[in-house]
Amino acid sequence: MKNIAYCLLFITALIAAPLTLGADADQTAETWFETSYGPLWAKTPYQDVEAILTHYHSEIVTHAADGSLSTTPSREWLTAPMDSWREEGWIRAELTDMTATTINAATSGVMTVWTDYYAGDVTETSCGWYLVDAINGEWKITHYADTPCS
């Protein structure tokens, strides 16, 4: 009887592991960020706002340079700056480099380098850090901080 209980516990653990260890078992946070999130910014981000928002948790915690933290609903966090960037002539951004660090099976940190494209063939480099968590079987961005591009 004891062996059957252990066997059932083992089988249950094998079945549940992909659900508890992280999001999509076939896709790391790094792969998800690089192949699902990053490309949404490369062509028509203004038209892809709803798709971009699906990559964020309902609220984003921003880590400011002065050490303060602020929590903002993700829609507001994304659309307010995007509107401001658009007024400045921003068109799109391309993920040009990234380094992901797996913290555990359900959390990764992602350091990024983006090339921002503006009207008049102007480009600018921007960098940021994202915390990506597995929530309800999906990768979601939960935290963000601007970082120096050095």
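On inspection of all chains with the given rule, the structure shows 1 disulfide. Between the sulfur of cysteine 127 and that of cysteine 149 lies a disulfide, 1.9 Å long from S to S. Between cysteine 127 and cysteine 149, the S-S dihedral sits near 125 degrees, and the bridge is therefore right-handed. Of this pair, cysteine 127 sits in strand E5 (residues 122–135) while cysteine 149 is found in the segment after strand E6 (138–146), placing the two residues 22 residues apart along the sequence. Since its relative accessible area comes to 8%, cysteine 127 is described here as buried.

Let us look at the confidence of the model for the protein. The predicted model of the protein averages 87 in pLDDT, with 83% of residues at 70 or higher. Per-residue pLDDT stays below 50 along residues 1–23; that stretch engages in 11 contacts with residues further than four places along the chain or on separate chains.

Next up on the list: the packing of aromatic side chains. Scanning the model with the defined rule gives 16 aromatic pairs in all. Plain terms: the ring middles of tryptophan 32 and phenylalanine 33 are 6.4 Å apart, the flat faces sit at 70 degrees to each other, and that makes the pair edge-to-face. Neither residue differs from the other here; tryptophan 32 and phenylalanine 33 are each classed as buried. Centre to centre, the rings of tryptophan 77 and tyrosine 144 are 5.5 Å apart; their planes meet at 65 degrees, and the pair counts as edge-to-face. Here tryptophan 77 is found in helix H4 (residues 74–87), whereas its partner tyrosine 144 is found in strand E6, with 67 residues between them in sequence. Each member of the pair tryptophan 77 and tyrosine 144 is classed as buried. Grouped by ring-pair contacts, the aromatic residues Trp32, Phe33, Tyr37, Trp41, Tyr46, Tyr56, Trp77, Trp85, Trp90, Trp114, Tyr130 and Tyr144 constitute a single cluster. Here arginine 86 stacks its cationic end above the ring of tyrosine 46, 3.9 Å away from the centre of that ring. A cation sits over an aromatic face here: arginine 92 above tyrosine 117, 4.0 Å from the ring centre.

A separate point is a negative patch on the surface. A contiguous patch of negative charge on the surface is contributed by Asp83, Glu87, Glu88 and Glu124. With respect to the helices and strands, glutamate 87 occurs in helix H4.

About the cut-offs
Residues numbered from 1 in each chain as written. Predicted model: local features only at pLDDT ≥ 70, side-chain atom pairs only at ≥ 80, totals over all residues. Heavy atoms only, no water. Disulfide = S-S within 2.5 Å. Helix = DSSP H or I, 4+ residues; strand = E, 2+ residues; numbered from the N terminus. Buried < 20%, exposed > 50% of the residue type's maximum accessible area, 1.4 Å probe, protein only. pLDDT = per-residue confidence, 0-100. Contact = heavy atoms within 4.5 Å. Phe/Tyr/Trp six-rings, centres within 6.5 Å; stacked < 30°, edge-to-face > 60°. Lys NZ or Arg CZ within 6 Å of the ring centre and 35° of its normal. Patch = residues over 30% accessible without salt bridge, like charges linked within 9 Å, V, L, I, M, F, W, Y side chains within 5 Å. Areas by Shrake-Rupley, 256 points an atom, 1.4 Å probe, with all protein chains shown as cover. Salt bridge = Lys/Arg side-chain N within 4 Å of Asp/Glu carboxyl O. Lys, Arg positive; Asp, Glu negative; His and termini not counted. Charge placed at Lys NZ, Arg CZ, Asp CG, Glu CD.

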